[in-house]
Amino acid sequence: MAPLAPLGHQLQLNENPYGPPASVREALSRALSSANRYPEFLPQRLPRLIAERLGVDADRIVVGAGATGVIMHIVQEFGSGGAGVVMATPTFDGYPILTTMSGGRPMTVPLTPDGRQDLDAIADAIDERTRLVVLCSPHNPTGALITPREFEKFLHRVPATVPVVLDEAYVDFVPGEDRIEALALVDRHPNLLVLRTFSKAYGLAALRVGYAIGDPELIERIARWQLPFGMNALAEVAVRACYAAEPEIAARVSVIAGHRHRLTAGLRELGLSVPDSYANFSYLTLPEPDIDRVAAALAGAEIHVKRYPTGIRITVGDRSATDAVLATVRSTVQ
Ligand code: PMP
């Protein structure tokens, strides 16, 4: 598990600080000798592989160039022509950006003061122009979780004609007992699309692999937007190798969870407010003047983080990254 060593600490994109396991790197190296060959015209094998792993039919899976690629196709299908897309703010930047790119209108609902998506207000924001609703669990940037009960209650408030995206980019960091039973819910709610990625726990951000799980009819509509030969041929090789290396992936996830506990506890010991995070980042909630001061100190220490109007999102890196963050923040508050 060699940590990457770029300039400073790269804690702004919620990347995995560890490169892929050796077996995955070896599989990728072997595959490079076939780099002269095109990938499949439209991906068939990769959705089958993921479907087998999840125990669902392959027509319930659509893959894309990262979850971002899948989101693009979802908003192209449902969010164009001035359509309303209801989402929290702040949320993963891709949602407002791609909605606007595809000609839709982001309809944003502020987070609650404790960093949760306000499910009642989001349900209230749905009107006759709404064509899509987006929720993330864990949420980006706060790491807050939607409980299974809250989510089911929410689904019952959404008209069956409006697709709901449940973005689970960080689900692998959530303890099993706290997870929404997404696959069972997809069976019962044909308007539900669950989004996942190999960029976070699986550490394959460079290879761009994400997917959605949903009703075959919705999946087929999304897949119509796929670019011919658009999926990286190495994506399938890497996913197959990662599935064969699950214990090592799980070990990385628990190491990252351990660092997140240390980071969160360390920040709280300084008297700072950090909501419970279920992802690979922590959100430091700060009043406006302090945000500038802390952000400037982190930047001065070459610690790259992401700033929001109510705080700073810090990706969990390796041990040295946590040490550096804690030392720098301590120096600004004492
Ligand atoms: N959803 C959420 C909530 C994210 O935070 C991210 C990336 N930061 C993505 C989707 C997109 O990830 P990718 O395109 O790398 O799969």
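1. Here's the deal with the pairing of strand β3 (residues 84-89)
Part 1: Across the 6 residues of β3, 5 count as buried, placing the element largely inside the fold.
Part 2: Here β3 pairs with strand β4 (residues 105-110) via 6 bridges, running parallel. Residue Val85 lies in a different strand from β4, and its bridge partner there is Pro106.
Part 3: Where the polypeptide runs from β3 across helix α4 (residues 94-101) and back to β4, its parallel neighbour, the crossover connection is right-handed.
Part 4: Pairing analysis gives 3 bridges linking β3 to strand β5 (residues 130-136), with the strands arranged parallel. In the strand pairing of β5, Gly84 is matched with Thr130.

2. Quick look at the packing of aromatic side chains
Any pair of aromatic rings gets described here by the distance separating the centres and the angle formed by the planes.
Part 1: According to the stated counting rule, one finds 9 aromatic pairs in the structure shown.
Part 2: Judged by centre distance (6.4 Å) and plane angle (85°), the rings of Tyr202 and Tyr243 are edge-to-face. Here Tyr243 lies in helix α9 (residues 233-244) and Tyr202 lies in the loop between β7 (192-197) and β8 (210-213), a separation of 41 residues in the sequence.
Part 3: Take Tyr202: its relative accessible area is 11%, and that puts it in the buried class.
Part 4: A relative accessible area of 11% means that Tyr243 is categorised as buried.

3. A word on the sheet that holds β5
Backbone hydrogen bonds are what pair the strands of a sheet, in a parallel or an antiparallel way.
Part 1: Taken in spatial order, the 7 strands line up as β2-β8-β7-β6-β5-β3-β4 in an open sheet, and their pairing is mixed. Taken across any chain shown, the strands that pair with only one partner, and hence form the sheet edges, are β2 (61-64) and β4. This sheet shows a mean twist of 25° between the axes of neighbouring strands, independent of strand direction.
Part 2: Bridge count between β2 and β8: 4 bridges; the pairing is antiparallel. Directly across from Gly64, in β8, lies its bridge partner Gly210.

Scoring rules and cut-offs
Residues numbered from 1 in each chain as written. Predicted model: local features only at pLDDT ≥ 70, side-chain atom pairs only at ≥ 80, totals over all residues. Heavy atoms only, no water. Buried < 20%, exposed > 50% of the residue type's maximum accessible area, 1.4 Å probe, protein only. Helix = DSSP H or I, 4+ residues; strand = E, 2+ residues; numbered from the N terminus. Pairing = 2+ DSSP bridges. Right-handed = clockwise from strand over helix to strand, strands pointing away. Phe/Tyr/Trp six-rings, centres within 6.5 Å; stacked < 30°, edge-to-face > 60°. Axes fitted to C-alpha atoms, helices over the stretch in contact; angles between N-to-C directions.

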